[in-house]
Amino acid sequence: MSHDDLRELSGVYALGALEGQDRVRFESHLASCAECAAEVRALRAVGHGLAPIVEQQDPPPALRDRVMARAGASAAEDAVPRRGPAMPRWLAAAAALAAVSIGLYAATLRVRIQTLEIELSDLRTRAVALERDLERVRREADTARGAAFVLAAHDVLRIDLAGQPPAPSATGRVFWSPSRGLVFSAADLPAVPPGRVYQLWVLRGPTDPPVSAGLVHSEPSGTGILSTGPLTIPGATGLAVSLEPEGGVPAPTGDIYLVGRI
Ligand SMILES: [Zn+2]
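Summarised in this report is the structure supplied together with it. (Residues numbered from 1 in each chain as written. Predicted model: local features only at pLDDT ≥ 70, side-chain atom pairs only at ≥ 80, totals over all residues. Heavy atoms only, no water.)

Quick word on the coordination of the zinc ion
The condition that has to hold: Any N, O or S atom lying within 2.8 Å of the metal counts as a donor, with the limit raised to 3.2 Å for Na, K and Ca; because water is left out of the atom set, some sites can appear incomplete. The rule is simple: four donors are tetrahedral if all their angles sit between 85 and 135 degrees, four are square planar and six octahedral if opposite donors span more than 155 degrees and the others lie between 65 and 115, and anything that fits none of that is irregular. Each residue is assigned to one of three classes by its accessible area relative to the maximum for its type, calculated with a 1.4 Å probe on protein chains only: buried under 20%, partly exposed between the two thresholds, exposed over 50%.
Around the zinc ion, the protein supplies His3 (ND1), His29 (NE2), Cys33 (SG) and Cys36 (SG) as donor atoms, at distances of 2.0 to 2.4 Å. Here the zinc ion binds four donor atoms, and the angle range of 103 to 116 degrees at the metal identifies the geometry as tetrahedral. Within one chain, the residues serving as donors to the zinc ion are arranged as H-x25-H-x3-C-x2-C. Both residues of the pair, His29 and Cys33, belong to the buried class.

What to know about the nonpolar core
The condition that has to hold: The term nonpolar core refers to a set of buried residues drawn from Ala, Val, Leu, Ile, Met, Phe, Trp, Tyr and Cys, joined through side-chain atoms within 4.5 Å. Note on conventions: DSSP H or I runs of at least 4 residues are helices, E runs of at least 2 residues are strands, and numbering of each starts at the N terminus. Any pair of residues with heavy atoms lying within 4.5 Å of one another is described as a contacting pair.
Counting 22 residues, the largest nonpolar core has Leu161, Val174, Trp176, Leu182, Phe184 and Leu258 as its most contacted members. Contributing elements (two or more residues each) for this core: β1 (157-163), β2 (171-177), β3 (181-187), β4 (196-203), β5 (211-216), β7 (238-245) and β8 (256-261). With residues near it in sequence (within four places) discarded, Val174 still touches Leu157, Arg158, Ile159, Leu161, Leu182, Val183, Phe184 and Leu239. Core analysis: the next-biggest nonpolar cluster, separate from the first, contains 12 residues, Leu6, Phe26, Leu30 and Ala37 among them.

Here we look at the packing of aromatic side chains
Where we set the bar: Ring pairs are drawn from Phe, Tyr and Trp, using the six-membered ring of Trp, whenever the two centres fall within 6.5 Å, and their geometry is named by plane angle: stacked under 30 degrees, edge-to-face over 60, tilted for the rest. Lysine NZ or arginine CZ positioned within 6 Å of the ring centre and within 35 degrees of the ring normal marks a charge as sitting over the ring.
Evaluation of the coordinates by the stated rule reveals two aromatic pairs. Taking 4.8 Å as the distance between ring centres and 45 degrees as the angle between the ring planes, the aromatic pair formed by Tyr13 and Phe26 counts as tilted. Separated by 13 residues along the polypeptide, Tyr13 in helix α2 (residues 10-14) and Phe26 in helix α3 (residues 20-30) bring together distant segments of the chain. Across the ring face of Phe149, the terminal group of Arg180 is positioned such that the distance to the ring centre comes to 4.4 Å.

A closer look at the pattern of salt bridges
The condition is simple: Salt bridge, as used here: a side-chain nitrogen of Lys or Arg that lies within 4 Å of a carboxyl oxygen of Asp or Glu.
Counting across every chain of the model gives seven salt bridges. Notably, a salt bridge pairs Asp142 with Arg145, separated by 2.7 Å at the nearest N-O pair. Residue Asp142 and its partner Arg145 are both found in helix α6 (residues 89-151); the two are separated by three residues, about one turn of the helix. Note on Arg145: relative accessible area 56%, which makes it exposed. Through salt bridges with shared partners, a single ionic network connects Arg7, Glu35 and Glu39.

Laid out in structure tokens, this is it:
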């Protein structure tokens, strides 16, 4: 066999499928032919690279039998002389099996890719939901920390607020530390209409206009406002909550919902 004949066997040899005399002949050629040796090394590297990526999948035995029977039939045809070199029977069988295996790999890979795409989309959805939850928990933790900071102040005052005509059953409570900030909570305040906001005011003497203490960021379950930082307002006599346009106003314009005296 010439170098060209033997070189065609390198693929089968690299896969470990070359046997008998052919294997002996190929290996003795390999010892003296750098080109064939390099090709075998390259093919083996490809085989090893594919192995971990592609799940091994054996064709069903019935299919294997059919392919082998086919290869046998074409070998019988090969017995009739014809032009050109005949492909050995085992090589035809190996090629047919390889084609079947590649088809199965491709089908398996397509299914796996589809499964992974579905899983990835599920994971993205869950990640977005988790991020939202995390953001909410962070906000609640910040609020709780801020409230604890105000409630622990040595100068904290408690002011109870009573419902006014627009919401007679509403109640409110404020903890106010001039040195640290203010915590407000309320019950039974009507839901805020769109485009409006509750605003908390510090009331002063009859001739002094009220001073805004901040907007009430109401939660669906109840209400709450928290502003941290010193809030000293000389001459404060009480607190009130009014319903105002979104964004708040410099002086109260809307209905008063809660009032409490200091
Ligand atoms: Zn060679």
